[in-house]
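Here are the chains, one letter per residue:
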Amino acid sequence: MRVWDWACRMGHEGEGIEFPGGASLIELTVEIPFSAAHRIEGHPGPCARLHGHNYRALVTVAGERLDSLGMLVDFGELKDLCSQVIGDLDHQYLNELPAFRDGNPTAESIARYVYRGLAAAIAQQGWKQLRVARVTVCESERSQATYWE
Ligand SMILES: [Zn+2]
(Lines give C-alpha, C1' and ligand atoms only; values in the text may rest on other atoms or scores of the structure.)
Protein backbone atom coordinates (compact mmCIF):
# COMPACT_ATOMS: atom_id res chain seq x y z
CA MET A 1 0.00 0.00 0.00
CA ARG A 2 1.34 3.41 -0.88
CA VAL A 3 1.81 5.80 2.00
CA TRP A 4 -0.59 8.29 0.48
CA ASP A 5 -3.36 5.70 0.16
CA TRP A 6 -2.92 4.70 3.74
CA ALA A 7 -2.99 8.30 4.91
CA CYS A 8 -6.21 8.95 3.01
CA ARG A 9 -7.82 5.78 4.35
CA MET A 10 -7.12 6.91 7.91
CA GLY A 11 -9.91 9.43 7.39
CA HIS A 12 -10.57 12.24 9.77
CA GLU A 13 -11.94 10.49 12.82
CA GLY A 14 -10.62 10.51 16.32
CA GLU A 15 -8.88 12.95 18.59
CA GLY A 16 -5.74 14.89 18.10
CA ILE A 17 -4.07 17.58 16.12
CA GLU A 18 -3.95 17.23 12.39
CA PHE A 19 -1.32 18.99 10.35
CA PRO A 20 -2.72 21.86 8.31
CA GLY A 21 -3.61 20.68 4.84
CA GLY A 22 -4.96 17.25 5.76
CA ALA A 23 -3.37 13.91 5.11
CA SER A 24 0.19 14.60 6.12
CA LEU A 25 2.21 11.80 7.61
CA ILE A 26 4.79 11.92 10.33
CA GLU A 27 7.27 9.14 10.93
CA LEU A 28 9.28 8.47 14.05
CA THR A 29 12.27 6.17 14.15
CA VAL A 30 13.92 4.67 17.21
CA GLU A 31 17.01 2.50 17.32
CA ILE A 32 17.22 -0.51 19.62
CA PRO A 33 20.52 -2.41 19.86
CA PHE A 34 20.66 -6.09 20.71
CA SER A 35 23.15 -8.92 20.53
CA ALA A 36 22.45 -12.46 19.43
CA ALA A 37 24.00 -15.58 17.97
CA HIS A 38 22.84 -17.51 14.95
CA ARG A 39 23.89 -19.77 12.14
CA ILE A 40 22.53 -19.90 8.63
CA GLU A 41 21.87 -23.54 7.89
CA GLY A 42 22.70 -24.45 4.32
CA HIS A 43 24.86 -21.40 3.71
CA PRO A 44 27.91 -22.37 1.62
CA GLY A 45 30.24 -20.02 3.50
CA PRO A 46 31.20 -19.11 7.05
CA CYS A 47 27.66 -17.97 7.93
CA ALA A 48 26.81 -21.66 8.40
CA ARG A 49 28.99 -21.67 11.48
CA LEU A 50 27.79 -20.42 14.85
CA HIS A 51 28.58 -16.71 15.21
CA GLY A 52 27.12 -13.54 16.66
CA HIS A 53 26.21 -9.99 15.74
CA ASN A 54 25.68 -6.73 17.53
CA TYR A 55 22.45 -5.92 15.75
CA ARG A 56 20.60 -2.62 15.56
CA ALA A 57 16.87 -2.54 14.94
CA LEU A 58 15.57 0.69 13.42
CA VAL A 59 11.83 0.82 14.04
CA THR A 60 9.79 3.41 12.14
CA VAL A 61 6.18 4.15 13.07
CA ALA A 62 3.86 6.47 11.22
CA GLY A 63 0.68 8.38 11.86
CA GLU A 64 -1.06 11.58 10.97
CA ARG A 65 -2.45 12.87 14.24
CA LEU A 66 -0.51 14.40 17.09
CA ASP A 67 -1.51 14.50 20.72
CA SER A 68 -2.05 17.67 22.73
CA LEU A 69 1.72 17.88 23.31
CA GLY A 70 2.36 17.79 19.57
CA MET A 71 3.68 14.22 19.65
CA LEU A 72 2.72 11.17 17.62
CA VAL A 73 3.90 9.06 20.54
CA ASP A 74 6.41 9.67 23.29
CA PHE A 75 9.86 8.47 22.18
CA GLY A 76 10.47 6.92 25.58
CA GLU A 77 7.22 4.93 25.51
CA LEU A 78 7.91 3.79 21.96
CA LYS A 79 11.42 2.65 22.91
CA ASP A 80 10.07 0.78 25.92
CA LEU A 81 7.56 -1.10 23.77
CA CYS A 82 10.19 -1.89 21.11
CA SER A 83 12.59 -3.06 23.79
CA GLN A 84 9.96 -5.49 25.11
CA VAL A 85 9.57 -7.09 21.68
CA ILE A 86 13.26 -7.08 20.81
CA GLY A 87 14.24 -8.12 24.32
CA ASP A 88 13.04 -11.62 23.48
CA LEU A 89 15.92 -11.81 20.96
CA ASP A 90 18.66 -10.24 23.04
CA HIS A 91 21.52 -12.55 24.04
CA GLN A 92 19.75 -15.54 22.53
CA TYR A 93 20.79 -18.28 20.15
CA LEU A 94 18.19 -17.33 17.58
CA ASN A 95 18.04 -20.71 15.83
CA GLU A 96 16.62 -22.22 19.02
CA LEU A 97 13.71 -19.78 19.31
CA PRO A 98 10.22 -20.95 18.22
CA ALA A 99 9.91 -17.82 16.04
CA PHE A 100 12.60 -19.15 13.70
CA ARG A 101 11.68 -22.82 13.78
CA ASP A 102 10.56 -22.73 10.15
CA GLY A 103 13.49 -20.86 8.68
CA ASN A 104 16.88 -19.36 9.26
CA PRO A 105 17.11 -16.33 11.56
CA THR A 106 18.43 -14.05 8.84
CA ALA A 107 18.32 -10.27 9.12
CA GLU A 108 15.28 -10.47 6.83
CA SER A 109 13.35 -12.83 9.09
CA ILE A 110 14.38 -10.96 12.23
CA ALA A 111 13.03 -7.74 10.70
CA ARG A 112 9.72 -9.49 9.94
CA TYR A 113 9.56 -10.90 13.47
CA VAL A 114 10.11 -7.47 15.02
CA TYR A 115 7.60 -5.82 12.65
CA ARG A 116 4.83 -8.28 13.46
CA GLY A 117 5.62 -8.39 17.15
CA LEU A 118 5.55 -4.65 17.41
CA ALA A 119 2.36 -4.35 15.35
CA ALA A 120 0.68 -6.71 17.83
CA ALA A 121 2.12 -4.83 20.80
CA ILE A 122 0.90 -1.49 19.45
CA ALA A 123 -2.59 -2.93 18.93
CA GLN A 124 -2.55 -4.35 22.45
CA GLN A 125 -1.44 -0.97 23.75
CA GLY A 126 -4.40 0.66 22.00
CA TRP A 127 -2.22 3.15 20.16
CA LYS A 128 -4.67 3.75 17.33
CA GLN A 129 -2.87 6.91 16.23
CA LEU A 130 0.07 5.04 14.73
CA ARG A 131 1.17 1.93 12.91
CA VAL A 132 4.49 0.25 12.24
CA ALA A 133 5.79 1.59 8.94
CA ARG A 134 8.91 -0.56 8.61
CA VAL A 135 11.64 -2.29 10.55
CA THR A 136 15.27 -2.33 9.47
CA VAL A 137 17.67 -4.78 11.06
CA CYS A 138 21.35 -3.89 10.69
CA GLU A 139 23.64 -6.86 10.96
CA SER A 140 26.68 -4.63 10.56
CA GLU A 141 27.45 -1.06 9.54
CA ARG A 142 27.10 -1.98 5.88
CA SER A 143 24.45 -4.73 5.84
CA GLN A 144 20.79 -4.25 6.65
CA ALA A 145 17.39 -5.70 5.81
CA THR A 146 14.10 -3.79 5.84
CA TYR A 147 10.64 -5.34 6.20
CA TRP A 148 7.18 -3.84 5.86
CA GLU A 149 3.76 -5.10 4.81
ZN1 LIG B 1 25.35 -13.79 10.78
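Conventions we followed
- Residues numbered from 1 in each chain as written.
- Predicted model: local features only at pLDDT ≥ 70, side-chain atom pairs only at ≥ 80, totals over all residues.
- Helix = DSSP H or I, 4+ residues; strand = E, 2+ residues; numbered from the N terminus.
- Buried ≥ 20, exposed ≤ 12 C-beta atoms within 10 Å, placed from the backbone.
- Contact = placed C-beta atoms within 7 Å.
- Core = buried A, V, L, I, M, F, W, Y, C linked by C-beta atoms within 7 Å.
- pLDDT = per-residue confidence, 0-100.
- Pairing = 2+ DSSP bridges.
- Axes fitted to C-alpha atoms, helices over the stretch in contact; angles between N-to-C directions.
- Expected span 1.5 Å × (residues − 1).

A separate point is the overall build of the protein chain. Within the protein chain, the regular secondary structure consists of three helices and seven strands. Taken from the N to the C terminus, the helices and strands of the protein chain come in the order α-β-β-β-β-α-β-α-β-β. Counting every position in the protein chain, which comprises 149 residues, the buried fraction comes to 23%. Looking at the protein chain alone, contacts between residues at least 24 apart form 69% of all its contacts between residues at least 6 apart.

Further remarks concern the nonpolar core. The nonpolar side chains of soluble globular proteins are, as a tendency, buried together. Grouped together as the largest cluster of nonpolar side chains are 26 residues, with contacts concentrated most on Ala57, Val114, Leu118 and Val137. Among the secondary structure elements, those contributing two or more residues to this core are strand 2 (26–38), strand 3 (51–63), helix 2 (75–87), helix 3 (107–125) and strand 6 (131–138). When residues in this core are grouped by element, the largest group, eight residues, is from helix 3.

To continue, consider the confidence of the model for the protein chain. Looking at the protein chain as a whole, the pLDDT averages 89, with 85% of positions reaching at least 70. Per-residue pLDDT stays below 50 along residues 1–14; that stretch engages in nine contacts with residues further than four places along the chain or on separate chains.

This brings us to the pairing of strand 3. Direction of pairing for strand 2 relative to strand 3: antiparallel, over a ladder of 13 bridges. Bridge pairing in strand 3 places Glu27 opposite Ala62. When strand 3 meets strand 6, the two strands line up antiparallel, connected through seven bridges. Considered in strand 6, the bridge of Leu58 is made with Thr136.

The sheet built from five strands is open, its strands ordered 5-2-3-6-7 with mixed pairing. Of all the strands in the sheet, just strand 5 (92–93) and strand 7 (144–147) have a single pairing partner and so form its edges. By the bridge criterion, four bridges tie strand 6 to strand 7 in an arrangement that is antiparallel. When the bridges of strand 7 are listed, Cys138 appears paired with Gln144. Packed on one face of the sheet, helix 2 meets strand 2 and strand 3 and runs near 30 degrees to strand 2. Its contacts with the sheet place helix 3 against strand 3, strand 6 and strand 7, and it is angled at close to 150 degrees to strand 6.

The next subject is helix 3. In a regular helix each residue adds 1.5 Å, so 19 residues correspond to 27 Å; helix 3 covers 26 Å between its end C-alpha atoms and thus fits that length. Every buried residue of helix 3 is accounted for by Ala107, Ile110, Ala111, Tyr113, Val114, Tyr115, Gly117, Leu118 and Ile122. Looking one or two residues past helix 3, Gly126 carries a phi angle of roughly 75 degrees, positive in sign.

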